[in-house]
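Working through the structure, step by step
For reference, the chains in residue letters:
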Amino acid sequence: MIVPVVCGVGFAMVFLFLALSPPRSPEEEADQEALPEETPVSFPIQSEGVRIRGWERGVLRFVLEAQAMELDKGGTLGKCSGGVRILVFEDDGELRATLESHAADVNLLRKNVRLRGNVVVTSSSGDRLETEELFYFSSEKTIQTRSPVRAYFKEHFLESEGFASDVDLTHPEFFRVIRGTFRLESASP
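Note that the structure is a prediction, hence the values are computed from the model and not measured.

Concerning the environment of T98
Within the secondary structure, T98 sits in strand β4 (residues 95-101). Overall, the relative accessible area of 14% leaves T98 in the buried class. Each C-alpha atom, one on T98 and one on L64, is 10.0 Å from the other, the two residues being 34 residues apart in sequence.

Okay, structure coming up:
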């Protein structure tokens, strides 16, 4: 006998609460419907031991090698992990630079790469750059970061907050130099 009374009282309270709550305006309902549902990018295609060749006008420009890669449904965005290496080539096929990192995000349409974790860039002349995050823009053959950078040019060392350069480190731009050793030479007339 007590159970039906308790259930009846509970039902009555819920009914009164809903009946006495203020009605929602049409604008509130429209706002609620206009909110997009968050749909995370899924990466259903997985591959191991990946090698991607980037060609421009019939010339091999770069080779991307990764231990593992996941592609999105459209096949245009990739997540590389377990070690990534990018070899960048000159027009004549000579190696221009090597970019290495622990992981990378790749836009296969634009051929741009965001390298992450223990990033090392080594030019063909032996100059080296170390950072934790670096963006590689394939069409311009440039690299850029806002992260702290350690650069080694022959006998010179430079530490900076942020950096931009062509991929073979011949025209570097340091955003905010922290410390380093270098010597400026005057240009001969």
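There is more to say, and it comes next.
Let's talk about the nonpolar core
Counting 28 residues, the largest nonpolar core has L64, I86, L99, L115, L129, Y136 and I143 as its most contacted members. Secondary-structure elements contributing two or more residues to this core are β2 (59-71), β3 (77-89), β4, β5 (103-107), β6 (112-123), β7 (128-137) and β8 (142-153). If you tally residues by element for this core, the top one is β2, at five residues. Excluding its chain neighbours within four sequence positions, the residues that come into contact with Y136 are F62, I86, V88, L99, K111, N112, V113, K141, T142, I143 and V167.

Brief notes about the confidence of the model for the chain
Looking at the chain as a whole, its pLDDT mean stands at 80, while 73% of the residues score no less than 70. Every residue in residues 9-22 scores below 50 in pLDDT, and together they form zero contacts with partners more than four places removed in sequence or on other chains. Low pLDDT (under 50) marks residues 24-39, which in the prediction has two contacts with non-local residues, meaning those over four places away or in another chain.

Overview of the side chain of S101
Relative to the assigned elements, S101 resides in strand β4. Only 2.8 Å separates the side chain of S101 from the backbone oxygen of A103, close enough to count as a polar contact. Ignoring any residue separated from it by four or fewer positions in sequence, one finds S101 in contact with G83, V84, L115, R116, G117, N118 and V119.

Conventions adopted
- Residues numbered from 1 in each chain as written.
- Predicted model: local features only at pLDDT ≥ 70, side-chain atom pairs only at ≥ 80, totals over all residues.
- Heavy atoms only, no water.
- Helix = DSSP H or I, 4+ residues; strand = E, 2+ residues; numbered from the N terminus.
- Buried < 20%, exposed > 50% of the residue type's maximum accessible area, 1.4 Å probe, protein only.
- Core = buried A, V, L, I, M, F, W, Y, C linked by side-chain atoms within 4.5 Å.
- Contact = heavy atoms within 4.5 Å.
- pLDDT = per-residue confidence, 0-100.
- Polar contact = N/O pair within 3.5 Å; in protein donor to acceptor, adjacent residues only side chain to side chain.

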